[in-house]
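A structural walkthrough
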Amino acid sequence: MMRAETAQNAARAESLLKDIREELRACMQCGTCSASCPNSHAMDLTPRRMWRMILCGLEDEVLASNTFYLCSSCYSCTLRCPRGLPLTSAMAALKRLAQLRSAPGAAAHTAFYRAFVDNIRRHGRVREADLMARYLLAAKNPGLAMRFAPLGLRMLGKGKVHPLGGQHVDCDLSALFDAAREREGLP
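Since we're looking at a predicted model, the values are computed, not measured.

A look at the side chain of N119
Relative to the helices and strands, N119 is located in helix 7 (residues 106–123). Reaching out from N119, the side chain makes a polar contact with the backbone nitrogen of R127 at a distance of 2.8 Å. Leave out the neighbours within four places in its chain, and N119 touches G124, R125, V126, R127, D130 and L131.

Listed below in structure tokens is the structure:
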């Protein structure tokens with residue numbers, strides 16, 4: 001069973017990588033994506049460099065970077081690309097590829113993403129304390145909790161984070177999420 005899943009994941013990963021390369025084939029390396037990205041200052045590879053590395057077959061190095069995880073899906077790169085390339089969807093595809101290939105850090109990033117989406121689905125907004133509690137439990141890394149503790153306490157002291165069960169009214173968006181999942185044909 002595990003071998004069949006591994007083989008399926010490998011086949012999906014190769015197909016996804018082929019699709020990403022096809023989407024990027026027309027990239028002329030103008031740098032507009034990097035110049036447009038509000039998060040490029042925090043990325044270890046600029047988007048422009050990352051696209052070139054993918055086209056040159058250096059996807060393992062790309063998957064070891066943090067660049068595509070820092071994409072906030074603002075669509076600035078896609079909107080400003082002179083070739084009209086779907087760069088934001090390529091970033092999302094790289095996240096899926098990293099998960100399929102079990103790239104370094106993929107499990108932790110996936111745990112955060114799932115905790116974040118579940119937080120929105122259950123509360124209709126981000127409830128930071130609940131989000132971090134669920135993420136840290138899913139990440140199964142006690143050192144991570146200790147690393148975030150000083151920041152959490154400072155934010156709590158400034159009123160930027162509210163303790164669990166704070167004063168906000170929740171709005172369960174489960175029906176909306178279920179309808180979107182059904183519309184996209186997802187399980």
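Structure shown, so let's carry the discussion forward.
Structural notes on the pattern of salt bridges
Overall, the coordinates contain 10 salt bridges when judged by the stated rule. In this structure, the salt-bridge partner of D60 is R101, at a minimum N-O distance of 3.3 Å. One end of the pair, D60, is in helix 4 (residues 59–63); the other, R101, is in the loop between helix 6 (87–100) and helix 7, and 41 residues separate them in sequence. On the basis of relative accessible area, D60 is assigned to the exposed category, the value being 52%.

Focus: the layout of surface pockets
There is about 1000 Å³ of room inside the largest pocket. Along its surface, the largest pocket is lined by 27 residues, and Y69, K95, H109, T110 and Y113 are the ones closest to its centre. Secondary structure elements with two or more residues in the lining of the largest pocket: helix 1 (2–24), helix 6, helix 7, helix 8 (128–139) and helix 9 (142–157). Ranked by residue count, the leading element in the lining of the largest pocket is helix 7, at 7 residues. If you add up the space inside the second largest pocket, you get close to 440 Å³. If you go around the second largest pocket, the residues you meet are R96, Y113, V117, F177, A180, R181, E184, L186 and P187. Broken down by secondary-structure element, the contributors of at least two residues to the lining of the second largest pocket are helix 7 and helix 10 (174–183).

Rules used in this analysis
Here the residue numbers are simple positions, counted from 1 along each chain's written sequence. Given that this is a predicted model, residues contribute local features only at a pLDDT of at least 70 and side-chain atom pairs are listed and counted only at 80 or more, while totals for whole chains, interfaces and linings are drawn from all residues. The side-chain values count all of the structure's non-hydrogen atoms but skip hydrogen atoms and water molecules. Secondary structure elements follow DSSP: runs of H or I no shorter than four residues count as helices, runs of E no shorter than two count as strands, and numbering proceeds from the N terminus. Identification of polar contacts relies on pairs of N or O atoms within 3.5 Å, with a donor-acceptor requirement for protein atoms, meaning one able to donate a hydrogen and the other able to accept it, and with residues adjacent in sequence counted only if both atoms are side-chain atoms. Whether two residues touch is decided by their heavy atoms; if any such pair falls within 4.5 Å, the residues are in contact. Salt bridges are defined by distance alone: a side-chain nitrogen of Lys or Arg within 4 Å of a carboxyl oxygen of Asp or Glu. Only protein chains enter the calculation, and the probe is 1.4 Å; a residue is then buried if its accessible area is under 20% of its type maximum, exposed if over 50%, and partly exposed in between. Using protein atoms alone on a 1 Å grid, points that fit a 1.4 Å probe yet trap it form a cavity, whereas open point sets bounded by protein on both sides within 12 Å along at least five of seven lines form a pocket; residues with an atom within 4 Å of a point count as lining. Grid points are joined across faces, edges and corners, and a volume is the space filled by probe spheres set on the points.

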